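# Structure assessment
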Amino acid sequence: MSKSTQREDHLKALYALGQSPEADSGWVSTNRMAAHLGVKPPSVTAMIQVLSELGWVDHRPYRGARLTEAGQKLALSLVRKHRLWETFLV
């Protein structure tokens, strides 16, 4: 899996989990993301740090992560594109 695919997967997961009622103002724990993605929490933390450096995610230790405005726009764009592909392929 390429790095860009991993980034997209993490952004989409953060978007989806941040929209759920359990999310505290969009904050999602790394453990919850790891369970959602089926990976170990340290790999989620590493990717969150990368996404944070790119300006797409706010990360707070022991609180989790949430999308920035730029990250929100990018994640929404990814979700829309994937939905179009799914519709086209069906």
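Before any of the text, the structure's been laid out above.
Counting starts from 1 at the beginning of each chain's written sequence and moves along it residue by residue. Local features in this predicted model are restricted to residues whose pLDDT is 70 or higher, and side-chain atom pairs enter the listing and the counts only when it is 80 or higher, whereas totals over whole chains, interfaces and linings include all residues. To obtain the side-chain values, all non-hydrogen atoms of the structure were included, while hydrogens and water were left out.

### Observations concerning the side chain of histidine 10
We apply this condition: Counting from the N terminus, the helices are the DSSP runs of H or I reaching at least four residues and the strands are the DSSP runs of E reaching at least two. A contact between two residues is defined here by any heavy atoms of the two lying within 4.5 Å.
Following the sequence through the fold, histidine 10 ends up in helix α1 (residues 3-19). With near-sequence residues (within four places) excluded, histidine 10 lies in contact with Met33, Leu37, Ser43, Val44, Met47 and Leu51.

### Notes on the environment of arginine 7
For clarity, the threshold we go by: A simple rule labels every residue: compare its accessible area, found with a 1.4 Å probe on the protein chains alone, to the largest value its type can have, and call it buried under 20%, exposed over 50%, or partly exposed in between.
Inspection of the secondary structure assignment puts arginine 7 in helix α1. Under the relative-accessibility criterion, arginine 7 is labelled partly exposed at 28%. Residues arginine 7 and valine 44, spaced 37 residues apart in sequence, show a C-alpha to C-alpha distance of 10 Å. Setting aside residues up to four positions removed in sequence, arginine 7 forms contacts with Met47, Val50, Leu51, Leu54 and Trp56.

### Some details on the pattern of salt bridges
Note the threshold: Any carboxyl oxygen of Asp or Glu that lies within 4 Å of a side-chain nitrogen of Lys or Arg is treated as forming a salt bridge with it.
Enumeration over the complete set of coordinates arrives at two salt bridges. The closest approach of N and O atoms between aspartate 58 and arginine 66, which form a salt bridge, is 3.8 Å. Residue classification places aspartate 58 among the partly exposed positions, given a relative accessible area of 28%. In this structure, glutamate 69 and lysine 73 form a salt bridge, with 3.7 Å as the shortest nitrogen-oxygen distance. Separated by four residues within a single helix, glutamate 69 and lysine 73 lie in helix α4 (residues 69-89), roughly one turn from each other.

### Observations concerning the nonpolar core
Inclusion rule: The term nonpolar core refers to a set of buried residues drawn from Ala, Val, Leu, Ile, Met, Phe, Trp, Tyr and Cys, joined through side-chain atoms within 4.5 Å.
Counting 18 residues, the largest nonpolar core has Leu11, Leu14, Met33, Ile48, Val57 and Leu67 as its most contacted members. Elements with a contribution of two residues or more to this core: α1, α2 (30-37), α3 (41-53), β2 (64-67) and α4. Looking at which element gives the most residues to this core, the answer is α1, with five residues. In this view, leucine 67 contacts Leu11, Leu14, Tyr15, Trp56, Val57, Gln72 and Ala75; residues no more than four positions away in its chain are not counted.

### Notes on the pairing of β2
We count it as follows: Two strands pair under a simple rule: DSSP has to find at least two bridges between them.
Here four bridges tie strand β1 (residues 57-60) to β2, and the two strands are oriented antiparallel to one another. The residue of β2 that forms the bridge with histidine 59 is alanine 65. Connecting β1 to the next strand, β2, in antiparallel fashion are three residues, including tyrosine 62 with a positive phi near 70°.

Remember that the coordinates give geometry; whether it matters functionally is a separate question.
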